[in-house]
Amino acid sequence: FHQTNWSFVEVEDHLPSYAADIFPNPTDDILNIRTSVYEGVTYTVYDLQGKLLLQNKLFSEQTSIQLGQFSAGTYSLVLNNDTQKLKTFGLVKTH
């Protein structure tokens, strides 16, 4: 009997008209956030217990963030503007 390891990555669209992608996911170090609307948008990374681990502003159409210091596991990445959540991604960190 052979069991495959699956990584299921969830996306929650709080504002369906807001388009953004993250890649690669799963990642072992650098995660890229790509969106055409980045001004006034903040990204926040939480662990599964809801603890805020990292927060900063998007600074261009593609923003790279360093995740190498995090343990392997599943995290949430939330994109917000000043008034609302835009999108929530399930993020898998390997190694």
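Bear in mind the structure is a predicted one, so any value in this text is a computation, not a measurement. (Residues numbered from 1 in each chain as written. Predicted model: local features only at pLDDT ≥ 70, side-chain atom pairs only at ≥ 80, totals over all residues. Heavy atoms only, no water.)

Asks: Sorry, what's going on with the nonpolar core here?
Replies: Grouped burial of nonpolar side chains is what soluble globular proteins tend to show. The biggest cluster of nonpolar side chains holds 18 residues, and the ones touching the most others in it are Tyr18, Leu31, Ile33, Leu58, Ile65, Leu77 and Leu79. Mapped by element, the contributors of at least two residues to this core are strand 3 (30–34), strand 4 (42–46), strand 7 (73–80) and strand 8 (85–93). Setting aside chain neighbours within four positions, we find isoleucine 33 in contact with Asp21, Ile22, Tyr43, Leu58, Glu61, Gln62, Thr63, Ile65, Leu77 and Leu79. (Core = buried A, V, L, I, M, F, W, Y, C linked by side-chain atoms within 4.5 Å. Buried < 20%, exposed > 50% of the residue type's maximum accessible area, 1.4 Å probe, protein only. Helix = DSSP H or I, 4+ residues; strand = E, 2+ residues; numbered from the N terminus. Contact = heavy atoms within 4.5 Å.)

Asks: What exactly am I supposed to notice about the side chain of threonine 42 here?
Replies: Its location among the elements puts threonine 42 in strand 4. By relative accessible area, threonine 42 is classed as buried at 16%. Apart from the residues lying within four places of it in its own chain, the contact partners of threonine 42 are Gln55, Asn56, Lys57, Val78, Leu79 and Asn80.

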